[in-house]
Amino acid sequence: MKFKDSVIKEYPITGDQLKIGRDEDNDIVIDNAAVSRHHAKIKRAGSGYTVEDLNSTNGTFVNEDRIKQQEKLQDGDIVIVGKHSIILESELKVEAQPGADFGGTMILDTKQQQELLKKQRKATVIPVEDKQAKLIVIQSGERKEYKITKDVTVIGKSLTSDVVLNGFLIPQMVATIKKEGKSFHITGYGGWIQVNVNGRIVGKNWKLYPNDTIEVRKVKIIFQYK
């Protein structure tokens, strides 16, 4: 399923659970035939979260692995429902209002949120930073540059990714780059496709430094921050 004009929306987790499905009574409504009416739910478990599949037809996946029933989530995990990708990010960097509980954020790729995001962009004041982070992608003799403007940048073959890679064996989601203050950390989700930084296999929250070279098969991605 392609999302030519898809956008990213953030969902603050303010209660004990977040329901996901096709019906309107869900907290996150995904209007897609591949998604069950009540597909899955994210639940608060102490200081963390779990995801539970609600006997959906097509299943719920965490980092591309199908879960049987309930799975504990870690910061940065990717929950896949149908063709939609949900990234769990804790320690949300927003100004909390009295009585509000911002324990985490769900980031959902969804075409239906395009108009809302346009309105938010018009009302948002973007702070000026001294440095600009960007990724230089070198593939098949072509060179493309992508500015890092989000707290979480998704890299993969999917057209909903912020940095789209080509290649038959490239996974739909290869890695995410998370911005933490003035630092950037990469987490690999390539499965059997290794994600390397300067020749070393990366795991979770690998800190990036200027001119680091990220490699995914024959694709080279140079991280710059200046």
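What you are looking at is a predicted structure, and each value in this text was computed from that prediction instead of being measured.

Caption draft 1: Here's a closer look at the confidence of the model for the protein. Confidence along the protein averages 78 in pLDDT terms, with 78% of residues attaining 70 or more. Of the regions scoring below 50 in pLDDT, residues 1-5 engages in 10 contacts with residues more than four places distant in sequence or in other chains. Throughout residues 107-114 the model reports pLDDT below 50, and contacts reaching past four residues in sequence, or to other chains, amount to 33 contacts.

Caption draft 2: Expanded view of the packing of aromatic side chains. According to the stated counting rule, one finds two aromatic pairs in the structure shown. Between Phe184 and Phe223, the aromatic rings sit 5.4 Å apart at their centres with planes inclined by 55 degrees, giving tilted as the arrangement. Here Phe184, found in strand β17 (residues 183-188), pairs with Phe223, found in strand β22 (residues 219-225); they are 39 residues apart in sequence, far enough to count as distant. Here Phe184 matches Phe223 in class, with each residue buried. For the ring pair Phe184 and Tyr225, a centre distance of 5.2 Å and an interplane angle of 75 degrees mean the geometry is edge-to-face. You can see Phe184 sitting in strand β17 and its partner Tyr225 sitting in strand β22, a full 41 residues away along the chain. Taken individually, Phe184 and Tyr225 each receive the classification buried, so the pair is uniform in this respect.

Caption draft 3: The environment of Asn55, seen in detail. Relative to the assigned elements, Asn55 resides in the loop between β5 (48-53) and β6 (60-62). Asn55 sits 15 residues away from Ala40 along the chain, and the two C-alpha atoms are 8.1 Å apart.

Caption draft 4: Structural detail: the sheet that holds strand β13 (residues 142-147). Overall, antiparallel pairing links the six strands, which are arranged β13-β12-β22-β21-β18-β19 in an open sheet. With partners counted over all chains shown, the strands left at the sheet margins are β13 and β19 (200-201), one partner each. For strand β18 (residues 195-197) and strand β21 (residues 213-216), the ladder comprises three bridges, and the chain directions are antiparallel. Of the residues in β21, the one forming a bridge with Val197 is Ile214.

Caption draft 5: Broad picture of unusual backbone geometry. The residue Ser140 is not glycine, and still its phi comes out positive at about 50 degrees. Structurally, the position occupied by Ser140 is in the loop between β12 (133-139) and β13. Residue Ser140 is classed as exposed on the basis of its relative accessible area of 74%. Its identity is not glycine, yet Asn211 carries a phi of approximately 75 degrees, on the positive side. Position of Asn211 relative to the elements: it lies in the loop between β20 (206-207) and β21.

Each value, and the rule that gives it
Residues numbered from 1 in each chain as written. Predicted model: local features only at pLDDT ≥ 70, side-chain atom pairs only at ≥ 80, totals over all residues. Heavy atoms only, no water. pLDDT = per-residue confidence, 0-100. Contact = heavy atoms within 4.5 Å. Phe/Tyr/Trp six-rings, centres within 6.5 Å; stacked < 30°, edge-to-face > 60°. Helix = DSSP H or I, 4+ residues; strand = E, 2+ residues; numbered from the N terminus. Buried < 20%, exposed > 50% of the residue type's maximum accessible area, 1.4 Å probe, protein only. Pairing = 2+ DSSP bridges.

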